[in-house]
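Below, each chain spelled out in residue letters.
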Amino acid sequence: MASTFPTQARVVIIGGGVIGCSVAYHLTKLGWTDVVLLEQGQLSGGTTWHAAGLVGQLRSQSSMTTLVRYSTELYSRLEAETGLATGWKNCGSVTVARTEDRMTQLKRTAASARAQGVAVEVISPEEAGKLWPPMAIGDLVGAVWLPGDGKANPTDLTQSLAKGARTGGARIFERVRVTAISTKDGRATGVSTDRGHIAAEIVVNCAGQWARKVGQMCGVSVPLHSAEHMYIVTGKIDGVHPDLPVMRDPDGYTYYKEEVGGLVMGGFEPHAKPWGMNGIPDDFEFALLPDDWDQFEILMENALVRVPQLGDAEVKKFYNGPESFTPDNNFILGEAPELKNFFVGAGFNSMGIASAGGAGRALAEWIVNGEQTMDLWPVDIRRFAPFNNNQSFLHDRVKETLGLHYAMPWPNRELDSARPLRCSPLYERLKAKGAVFGSKMGWERANWFASGGETAETEYSFGRQNWHDAVGREMKATREAAGIFDQSSFAKLLLQGRDACASLNRICGADIDVEVGRSVYTGLFNARGGYESDLTVLRLAPDRFLIVTGSAQPVRDFDWIARNIPADAKAELTDVTSAYAVIGLMGPASRDILSRITSAELSDAAFPFATNRQIDVGYGTCIANRMTYVGELGWELIVPVEFAAGVYDALFAAGGASGLTDAGYYALEALRLEKGYRAWSRELTPDINPWQAGLGFAVDLKKPGGFIGKEAVAAAKGQPITKRVVQFTLEDTEPMLWGGELVLRNGDPVGEVRSAAYGHSLGRSVALAYVDHAKGVDKAFLSSGEFEIDLAGVRHRAKGHLSAAYDPTGEKIRPVQRPEAAE
């Protein structure tokens, strides 16, 4: 225990749970030794101490799996390094299925595990019973076995990480409460405590369920809310032994692990119980909430089905410990967009022990390197906006997100709570016409349109869902006549000022110093040459640019652009998303339809591809941008919100006889995949460069002044492409691909599907996948091998394409991207 209280440090970490101690440990490993960690009580005394300690490797995103796999490696060796036990036991885990749908999901999980290099085996109920003898198996369909999974002791693990951090030079102070965050010129500069002020270059908020409160001290949104999480510890049970695997029964919402010859049994009920609506007491240390057997009843009933011996077992302890949950069930990591040098690692949704090792390393690397060293978008703090920090929204949303741990992860599953949140000016019109909505960045977006007696509600399944034919109609209309898409959720950023062009050109990979009225698709790259975003830049005036980017990315892209504008530049960036609707008019009849309600000349000569003009449409005035994300003639009409309804009505009045049809994001996703268009966060990530993505045409290595990441992008040019985005189509016309499937070549795993949909224009499923091969992925590699895609354990023959599988007509141009995709 350090004794002399410091007045300054390079890094101050707030919170001494497993996450804070992991960040401190990894900072010292990276050579940053001037680290101070402050804990208001005792280490692990907040929520860490009562965690169940389960460590399951497999996550839905491969980058998250990478973090947990590192955690298991770290925990297995940490005791040897520090001399303090972590309680790590590589006991493996069994997950069982009560239904055919759950078994399909587990088989999909197994294929995904193989794609990510995680050892997995699909097993029978009898085999599961041998691995886990106390279990009743009569109602089971099957199971999966992951031998690399395990468990750890949360308090011991925290102490071991803390000792490692101290050994590396970090100083840890308990019984110190942070009362304020000091800032200057938009940067964190230190913390005030009940023992004095500490000046710091970096402040890290790892305050657990207090992290939202700490963020509010300095204007940073940390959207999380506490919910009650319950489990019991039993006396001895026959068949339970120290090496018993962890067992999960998601259809029964429960998990089990061995503890001193008995069981820990807990779970994630479908409707959770939020806690702490009036704030979390500062002195809530090593504390629990009252037992709530009524809330626990659904878990106990299901547990008795799976482990009948629980009916006679002694219940030694009931734990009801609050934990923090986020709006999307992923944790929060990274530098706050509102305040430089203020980092957050919080909101771990009952996954803190599994994630702590990898998340602590990732955050430490982000701090030391100044940018993330791997794709962390699923947990990036910038995926949230300030409105996500609304307490009423959080209260209602966490009721649902806690249960997502074991809810069926249906393809395209939408969250139902705290909606509608953000609505476009066309929302009521689309709803009246049968729109079935999804949600992205809070926006209600039409996924598909029901008609002709169809039920306007999505019925989930792993096969063709009930909207399959409706989306086929929307796609056919777009390919053969015209489709109209409400794309108002697009993020729109306005950059203006004397230095706007020079500043933006340094940030963009393409040359955006073009004549007024031109539109440029471009990537934004990090120092490693990977995609930080991809977007379209419209030059409206010599000193004014409109940046149109994906619905999920306004905070991230605003932050990336703003932080890379020179401090002395005369350039002002403003988020104008809510000022404009976007109406996409796409299809071969789009020119004829639009020409009926505008005085503008729309010919190729007067209005060529990749240009924008201000035009009249009906009684409204808008910016028309000739761009496409579906591969057909079309315009994106960027309309001031007050004109949007009138413009929409005018388009239908003019286009109804020409076959104009409402279309949603499911159709948009399938149309873009047929054309092989990439989407950010799917195919384009911070770990993928433009040559791997097949988008080298959108990079200008010769433009004056270069761009961020140019050196890495240039160095990769001409090198063998060992990882590549490849389009695939299935030979069989029936199966539905959804994304996450394993890609095999000559029977060997070579990659995973990143995006997939049913391509009605092709009459089969179409996908974009990453394919890896040490000697390079090229046309010869694709043509010389037999490719298959593993769909829930069944392998389907597939054909690889380096050019679009669908390209009979449409805009005769190189692929022009639009950073937009369905959830």
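Residues numbered from 1 in each chain as written. Predicted model: local features only at pLDDT ≥ 70, side-chain atom pairs only at ≥ 80, totals over all residues. Heavy atoms only, no water.

Q: Would you take a moment to explain the overall build of the protein for this structure?
A: Per the secondary structure count, the protein includes 19 helices and 38 strands. What you see for the protein is a C-alpha radius of gyration of 27 Å, in line with the 28 Å of a compact globule of 823 residues. Along the first, second and third principal axes, the C-alpha set of the protein runs to 80 × 65 × 55 Å. In the protein, buried positions account for 63% of the 823 residues. About 28800 Å² of surface is accessible on the protein, with carbon and sulfur atoms providing 48% of the total. (Helix = DSSP H or I, 4+ residues; strand = E, 2+ residues; numbered from the N terminus. Rg over C-alpha atoms; globule rule 2.2 N^0.38 Å. Buried < 20%, exposed > 50% of the residue type's maximum accessible area, 1.4 Å probe, protein only. Areas by Shrake-Rupley, 256 points an atom, 1.4 Å probe, with all protein chains shown as cover.)

Q: Help me out: how do you make sense of unusual backbone geometry in this one?
A: The omega torsion of the bond from R419 to P420 falls at -5 degrees, within 30 degrees of zero and hence cis. Locating P420 in the fold gives a position in the loop between α9 (391–401) and α10 (427–432). The phi dihedral of N349 falls on the positive side, at around 50 degrees, and the residue is not glycine. Non-glycine residue N412 carries a positive phi angle of around 65 degrees. Mapped onto the elements, N412 comes out in the loop between α9 and α10.

Q: How do you make sense of the pairing of strand β21 (residues 443–449) when you look at a structure like this?
A: The two faces of the sheet receive side chains in turn, since in a regular strand these alternate between them. Counting buried positions along β21 yields seven of seven residues, so the element is predominantly enclosed. With six bridges connecting them, strand β20 (residues 435–440) and β21 associate as antiparallel partners. The residue bridging V436 from the neighbouring strand is W448, located in β21. Between β20 and β21, which pair antiparallel one after the other, the connecting turn spans two residues, and M441 there sits at a positive phi close to 50 degrees. (Pairing = 2+ DSSP bridges.)

Q: Would you explain the packing of helix α1 (residues 18–29) against helix α2 (residues 62–82) in this entry?
A: Packed helices, taken two at a time, are described by the angle their axes make and the gap between the axes. Where α1 contacts α2, the axes come no closer than 14 Å and their chain directions differ by 75 degrees. Put simply, α1 runs roughly perpendicular to α2. Residue-level inspection shows Y25, H26 and K29 of α1 in contact with α2, the latter providing Y70, L74, R77, L78 and E81. A per-class count over the contact of α1 with α2 returns four nonpolar, one polar and three charged. (Axes fitted to C-alpha atoms, helices over the stretch in contact; angles between N-to-C directions. Parallel < 35°, antiparallel > 145°, perpendicular 65-115°, else oblique. Contact = heavy atoms within 4.5 Å. Nonpolar A, V, L, I, M, F, W, Y, C, P; charged D, E, K, R; others polar.)

Q: How do you make sense of the pattern of salt bridges when you look at a structure like this?
A: It is possible for side chains bearing opposite charge to pair when their charged atoms get close. Evaluation of the coordinates by the stated rule reveals 47 salt bridges. The closest approach of N and O atoms between R10 and E201, which form a salt bridge, is 3.7 Å. Linking R10 in strand β1 (residues 8–14) with E201 in strand β11 (residues 196–205), this pair joins segments that are 191 residues apart in sequence. Given the relative accessible area of 47%, E201 is considered partly exposed. A salt bridge links E73 to R77; the shortest N-O distance between them is 2.6 Å. Taken together, the residues E73 and R77, both in helix α2 and four residues apart, mark about one turn of the helix. Looking at R77, the relative accessible area reads 31%, which means it is partly exposed. By sharing partners, the salt bridges in this structure join E335, D380, R382, E532, R556, D559 and R563 into a single network. (Salt bridge = Lys/Arg side-chain N within 4 Å of Asp/Glu carboxyl O.)

Q: What should I look at first to understand the packing of aromatic side chains in this one?
A: Both the distance between ring centres and the angle between the ring planes are used here to describe each pair of aromatic rings. Taken as a whole and judged by the stated rule, the model has 25 aromatic pairs. Put simply, the rings of W49, Y231, F286 and Y319 touch in pairs and so form one group of aromatic residues. The side chain of R445 reaches across the aromatic face of Y665, ending 3.6 Å from its centre. (Phe/Tyr/Trp six-rings, centres within 6.5 Å; stacked < 30°, edge-to-face > 60°. Lys NZ or Arg CZ within 6 Å of the ring centre and 35° of its normal.)

Q: Please clarify how the confidence of the model for the protein should be interpreted in this entry.
A: Close inspection of predicted coordinates is inappropriate in any region flagged by low pLDDT. Across the protein, pLDDT averages 96, with 98% of residues at or above 70. Low confidence marks residues 810–823, where pLDDT is under 50. Its contacts with residues over four positions away, or in another chain, come to 66 contacts. (pLDDT = per-residue confidence, 0-100.)

Q: Whenever I open this one, the sheet that holds strand β25 (residues 531–541) confuses me. Can you help?
A: By way of backbone hydrogen bonds, the strands of a sheet pair with one another, either parallel or antiparallel. The five strands are arranged β24-β25-β26-β23-β27 in an open sheet whose pairing can be described as antiparallel. Each of the sheet's edge strands pairs with one partner strand only, and the pair in question is β24 (519–525) and β27 (572–575). Ignoring which end each strand starts from, the neighbouring axes of this sheet average 30 degrees apart. Pairing between strand β23 (residues 491–496) and β27: four bridges, direction antiparallel. The residue of β27 that forms the bridge with Q496 is E572. Those strands touched by helix α12 (residues 500–507) are β23, β24, β25 and β26 (544–549), and its axis lies near 30 degrees from that of β26. Contacting β23, β24, β25, β26 and β27, helix α13 (residues 554–563) crosses the sheet at an angle of about 175 degrees to β27.

Q: Whenever I open this one, the sheet that holds strand β31 (residues 634–640) confuses me. Can you help?
A: Strands sit in the order β29-β30-β31-β28-β22-β32 across an open sheet of six strands; the sheet is mixed. Across the chains shown, the open sheet's two edge strands, defined by having one partner strand only, are β29 (612–617) and β32 (660–663). Across this sheet, the average inter-strand angle for adjacent strands is 30 degrees, counted without regard to direction. Strands in contact with helix α11 (residues 468–480) are β22 (482–486), β28 (580–586) and β32; relative to β22, the strand with the most contacts, it is inclined by about 120 degrees. Sitting on the sheet, helix α15 (residues 641–655) touches β22, β28, β29, β30 (620–625), β31 and β32, and the angle it makes with β31 is about 145 degrees.

Q: Hey, could you run me through the nonpolar core in this one?
A: Taken as a class, soluble globular proteins show a tendency for nonpolar side chains to be buried jointly. In terms of nonpolar packing, the biggest core is built from 49 residues, with I13, L27, V204, I367 and L376 touching the most fellow members. Taken together, the elements giving at least two residues each to this core come down to β1, α1, β2 (35–39), α2, α5 (154–167), β11 and α8 (352–369). Ranked by residues supplied to this core, first place goes to α8 with nine residues. Discounting residues that sit within four places of it in the chain, V204 has contacts with V11, V12, I13, I14, V23, F343, L363 and I367. (Core = buried A, V, L, I, M, F, W, Y, C linked by side-chain atoms within 4.5 Å.)

Q: Help me out: how do you make sense of α8 in this one?
A: Residue pairs three or four apart in sequence face the same way in an α-helix, which turns once every 3.6 residues. Taking 1.5 Å per residue as the helical rise, α8 with its 18 residues ought to reach 26 Å, and the 24 Å between its terminal C-alpha atoms agrees with that figure. At G358, α8 shows its maximal kink, close to 35 degrees. In terms of residue burial, α8 counts as a mostly covered element, since 15 of its 18 residues are buried. Remark: G370 follows α8 within two positions and exhibits a positive phi of approximately 85 degrees. (Expected span 1.5 Å × (residues − 1). Bend = angle between axes of the 7 residues up to and from the residue.)

Q: I'm lost on α13 in this one. Help?
A: Among the 10 residues in α13, seven count as buried, and that is most of the element. Among the residues making up α13, those that are buried are P554, V555, R556, D557, D559, W560 and I561.

Q: Can you help me understand the environment of V246 in this one?
A: Relative to the helices and strands, V246 is located in strand β13 (residues 246–249). Remark: the alpha-carbon pair of V246 and Q614, spanning 368 residues in sequence, is separated by 62 Å. Setting aside residues no more than four positions away along its own chain, V246 makes contact with L54, C91, G92, S93, V94, W132, G150, K151, Y256 and K257.

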